[in-house]
Amino acid sequence: MLQKVLETKRVVAGFTDRWDGVSKPPYNTLNLALRVGDSGKDVLENRQLLAEKLTIKPSNFAWMNQVHSDKIVPVIKSGEVLKTDGLITTQPELALMVLVADCIPILFYDPKQKIIAVAHAGREGSFLNIAGKMILKLQKEYNSNPQNIKVYLGPSIQKECYRVDQKIIKRFKKQWGEKYIYNNTNLDLPLLNQDQLLKTGIKKENIFVSKICNHCNQNYFSYRRAENNRTGRFGGIIMLK
Ligand SMILES: [Zn+2]
């Protein structure tokens, strides 16, 4: 269920795990994503359970049809936003949702400007610097000062588990340097995202990083761990009250 990482009078944010949902086998769980082999009815019921936790209407979610891009769009109403990997809103009681199973779910909150955002940072999103681009967009279009923005990186696949082929290693090394290559074979995406955020002026003490590896920890879905990559998705959620 939802584990909150932030709750004030103005905002609530958290990350879900696999448990306490209604999905039938093979998931048996709180899968929040449509179109990953689960019944749509169960997914909607799972979202309803989550809405109760947030005390909002089940229809008040905005989520993405994520495509590993660096596209970020503003939203003012609920529903699915097609082909995007970042959402921004200033709308109260609209819960922004990012769904993952190995990628990094990132939540953003500017308490001064009263803006929230979410991003989906998988391998491609991280390569494209979606986290850094989000901050630049908040700065340019919403008059946000990076010094005020708090950022939450949720459970994701950690460097020890994230082995990739050498072509990908080369590509990352060329673009981002040696620092994010672990043991010559693995990528450290959480570290890369943190550095991308720091470069935009986000304060180190305002970046909160989950140490949970969803690939090791059975409380979370993992695309790589799942047989035939058939698995549900857990979520990062943030909402202005
Ligand atoms: Zn792991």
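Predicted model only: the values in this text are computed from it and were never measured. (Residues numbered from 1 in each chain as written. Predicted model: local features only at pLDDT ≥ 70, side-chain atom pairs only at ≥ 80, totals over all residues. Heavy atoms only, no water.)

Chemist: Is there a simple way to think about the overall build of the protein in this case?
Modeler: Each helix and strand counted, the protein has five helices and 14 strands in total. At 17 Å, the protein has a C-alpha radius of gyration in line with the 18 Å of a compact globule built from 241 residues. Considered along the principal axes of its C-alpha atoms, the protein spans approximately 45 × 45 × 30 Å. Across the 241 residues in the protein, those meeting the buried criterion constitute 55%. Summed over its atoms, the accessible surface of the protein is roughly 11200 Å², and 49% of this surface lies on carbon and sulfur atoms. When the 37 basic and 22 acidic side-chain charges of the protein are each reduced to a single mean position, those positions are 4 Å apart. (Helix = DSSP H or I, 4+ residues; strand = E, 2+ residues; numbered from the N terminus. Rg over C-alpha atoms; globule rule 2.2 N^0.38 Å. Buried < 20%, exposed > 50% of the residue type's maximum accessible area, 1.4 Å probe, protein only. Areas by Shrake-Rupley, 256 points an atom, 1.4 Å probe, with all protein chains shown as cover. Lys, Arg positive; Asp, Glu negative; His and termini not counted. Charge placed at Lys NZ, Arg CZ, Asp CG, Glu CD.)

Chemist: Would you mind going over the coordination of the zinc ion with me for this structure?
Modeler: Tetrahedral metal sites with four donors have an ideal angle of 109.5 degrees; octahedral sites with six donors have ideal angles of 90 or 180 degrees. Taken together, the protein ligands of the zinc ion are Cys 161 (SG), Cys 213 (SG) and Cys 216 (SG), with distances of 2.1 to 2.2 Å. Counting along the primary sequence, the residues that act as donors to the zinc ion give the motif C-x51-C-x2-C. One end of the pair, Cys 161, is in the loop between strand 10 (150-153) and helix 4 (166-176); the other, Cys 216, is in the loop between strand 13 (207-209) and strand 14 (234-240), with 55 residues separating them in the sequence. (Donors = N, O, S within 2.8 Å, 3.2 Å for Na, K, Ca; no water.)

Chemist: I'm lost on the sheet that holds strand 6 (residues 86-89) in this one. Help?
Modeler: In any sheet, the strands associate via hydrogen bonds between backbone groups, in a parallel or an antiparallel arrangement. Pairing in this open sheet of six strands is mixed, and the strands run 4-6-9-8-10-13 from one edge to the other. Both outer strands of the open sheet, strand 4 (72-74) and strand 13, are each paired with one neighbouring strand and no more. Strand-to-strand twist across the sheet, computed as the mean angle between neighbouring axes with direction ignored, equals 15°. As paired elements, strand 8 (residues 104-110) and strand 9 (residues 115-121) share seven bridges and run antiparallel to each other. (Pairing = 2+ DSSP bridges. Axes fitted to C-alpha atoms, helices over the stretch in contact; angles between N-to-C directions.)

Chemist: Hey, could you run me through the pattern of salt bridges in this one?
Modeler: Where charged atoms from two side chains of opposite charge come close, those side chains can pair. Under the criterion given, the structure shown has seven salt bridges. Across the pair Lys 133 and Asp 70 runs a salt bridge, and its minimum N-O distance is 2.5 Å. A residue pair is termed long-range when its members are at least 10 positions apart, and Lys 133 in helix 3 (residues 130-142) and Asp 70 in the loop between strand 3 (61-64) and strand 4 qualify at 63 residues. Residues participating in the shared-partner salt-bridge network are Lys 4, Glu 7 and Lys 241. (Salt bridge = Lys/Arg side-chain N within 4 Å of Asp/Glu carboxyl O.)

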